[in-house]
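# Notes for the structure review
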Amino acid sequence: MEQTLEQKQTIADVWNKRPLIISGPCSAESEEQVLATAAGLAATGKVDMLRAGIWKPRTRPGSFEGIGAKGLPWMQKAKELTGLPVAVEVATSKQVEDALHFGVDVLWLGARTTVNPFSVQEIADALRGVDVPVLIKNPINPDLELWIGAVERIAKAGIKNIGLIHRGFSSYGNTEFRNAPMWHLAIEMKRRNPDMMLINDPSHICGNRHMLLDVAQKAIDLDFDGLIIESHIDPDNAWSDAKQQVTPERLGEMVGSIHWRKEDTASEEYHAALEKLRQQINQLDDELMQILGQRMKISEKIGNYKKENSITILQTNRWNSILERAFAAGAKMGLSNEFVTKYFDAVHMESINHQNKIMNS
Ligand code: PEP
Ligand code: MN
């Protein structure tokens, strides 16, 4: 049915939709592939925006580097066919110009672009005076300042609608993820930009299909505003990121099986129960602080003895025995070794700092 002007969703309507679901192929490969994927996604009724990489920044030369500007009319057709707005990645001013020329609705900066202030500034300059929403992926390396810097550059160019995409961070060595999520960094980015949309990209975090749903659910449980997930009409034969793409049908099932939780509810009973439990948490946190303070005082006394007797601050054996005791006690209380290690590392460092002050006073 033809949509009248009033019924037609504007890009602002779509941008403000929660949760916002973006999907489409890693790369546009052919007109047929783009249109078939778009039609499949639209048929699920669960997708708000189409994505496709037109220019692909590849780690090594020789991989498929994107179809280039000739893919832009395919995106335009996909939009006409489905009514869904389209998003593409841009990394240069020329790409911004081409994308806008072909009516691309949303631009995104990839992880390999956010990492480079020269590139971000070039894009920002090309966007001056343009009214287009921009999504900014986190940089490849776990550096929040670079991510924030990119947001500032794009905002300074006058772009009003800026959103964030958390796609995980590169880390050396094998982890189960292609890009380690390091959720705490995304949470900190949200804390610093509370009004900015934050969506999660399980595809580039996982690098495989079987973990997508778990990561997507975790993001939604952490109150992310939406998801960007790669999909392809024939995932196994995709020209890039074949391992992580799913069919449009599977994408629909996945989004359908996510448990959408609310951040808040009007239920008074819930608020009263939560308030009581939070008071208990506050009480315990206060006690923990007092106990930690007392622990440091004792540690300072030990520091004084060490100073008088010219003994080093660190005795490796003693530290090992503290950790062993803590692992055993932690296990009984259901605390993971990972947590116990991090916690005692922090306490131990603080204790060393206190003793250091005494030694050098
Ligand atoms: C992509 O979205 O296809 C892409 C290249 O992602 P990233 O910039 O996160 O690597
Ligand atoms: Mn990809």
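All figures in this text were calculated on a predicted structure; none of them were measured in a lab.

Each aromatic ring pair is specified by the distance between its two centres and by the angle formed by the two planes. Here the structure, examined in full by the defined rule, presents four aromatic pairs. Each ring, one from Phe339 and one from Tyr343, has its centre 6.0 Å from the other, and the planes form 20°; the classification is stacked. Taken as a pair, Phe339 and Tyr343 lie in helix H14 (residues 337-359) at a separation of four residues, close to a single helical turn. Judged by its relative accessible area of 43%, Phe339 is partly exposed. For Tyr343, a relative accessible area of 31% gives the class partly exposed. Measuring from centroid to centroid gives 5.2 Å for Tyr343 and Phe344, while their planes differ by 90°, and the two rings are edge-to-face. For Phe344, a relative accessible area of 18% translates into the label buried. Through a chain of ring-to-ring contacts, three or more aromatic side chains come together here, namely Phe339, Tyr343 and Phe344.

Here the focus is the nonpolar core. The biggest cluster of nonpolar side chains holds 66 residues, and the ones touching the most others in it are Val88, Leu107, Leu127 and Ile154. Looking at this core element by element, the count peaks at six residues for helix H7 (residues 144-156). Excluding residues that lie within four positions of it along the chain, Ile154 makes contacts with Leu109, Val120, Ile123, Ala124, Leu127, Val134, Ile136, Ile159 and Ile162.

Attention shifts here to helix H10 (residues 212-221). Of all the residues in H10, the buried ones are Leu212, Val215, Ala216, Gln217, Ala219 and Ile220. One or two positions beyond H10, positive phi appears at Asp223, with a value near 70°.

The next thing to look at is the coordination of the manganese ion (ligand 2). Coordination of the manganese ion (ligand 2) by the protein is provided by Cys26 (SG), His204 (NE2), Glu230 (OE) and Asp241 (OD), with metal-donor distances spanning 2.1 to 2.4 Å. One chain supplies every donor to the manganese ion (ligand 2), and in sequence these donors are spaced C-x177-H-x25-E-x10-D. Note that Cys26 is positioned in the loop between strand S1 (20-24) and helix H2 (31-44) and His204 in helix H9 (residues 202-206), a separation of 178 residues in sequence. Among the residues examined, Cys26 registers a relative accessible area of 1% and is labelled buried.

Below, the discussion takes up the packing of H10 against helix H11 (residues 248-257). It is the contact of H10 with H11, at a shortest axis distance of 10 Å, that shows an interaxial angle of 40°. Judged by the angle between their axes, H10 and H11 are oblique. Both H10 and H11 take part in a crossing whose hand is right-handed. Facing H10, whose interface residues are Leu212, Leu213 and Gln217, H11 presents Arg250, Met254 and Ser257. For the contact of H10 with H11, a count of residues per class yields three nonpolar, two polar and one charged.

About the criteria used
Residues numbered from 1 in each chain as written. Chains lettered and ligands numbered in written order. Predicted model: local features only at pLDDT ≥ 70, side-chain atom pairs only at ≥ 80, totals over all residues. Heavy atoms only, no water. Phe/Tyr/Trp six-rings, centres within 6.5 Å; stacked < 30°, edge-to-face > 60°. Helix = DSSP H or I, 4+ residues; strand = E, 2+ residues; numbered from the N terminus. Buried < 20%, exposed > 50% of the residue type's maximum accessible area, 1.4 Å probe, protein only. Core = buried A, V, L, I, M, F, W, Y, C linked by side-chain atoms within 4.5 Å. Contact = heavy atoms within 4.5 Å. Donors = N, O, S within 2.8 Å, 3.2 Å for Na, K, Ca; no water. Axes fitted to C-alpha atoms, helices over the stretch in contact; angles between N-to-C directions. Parallel < 35°, antiparallel > 145°, perpendicular 65-115°, else oblique. Left-handed = near helix turned anticlockwise from the far one by under 90°. Nonpolar A, V, L, I, M, F, W, Y, C, P; charged D, E, K, R; others polar.

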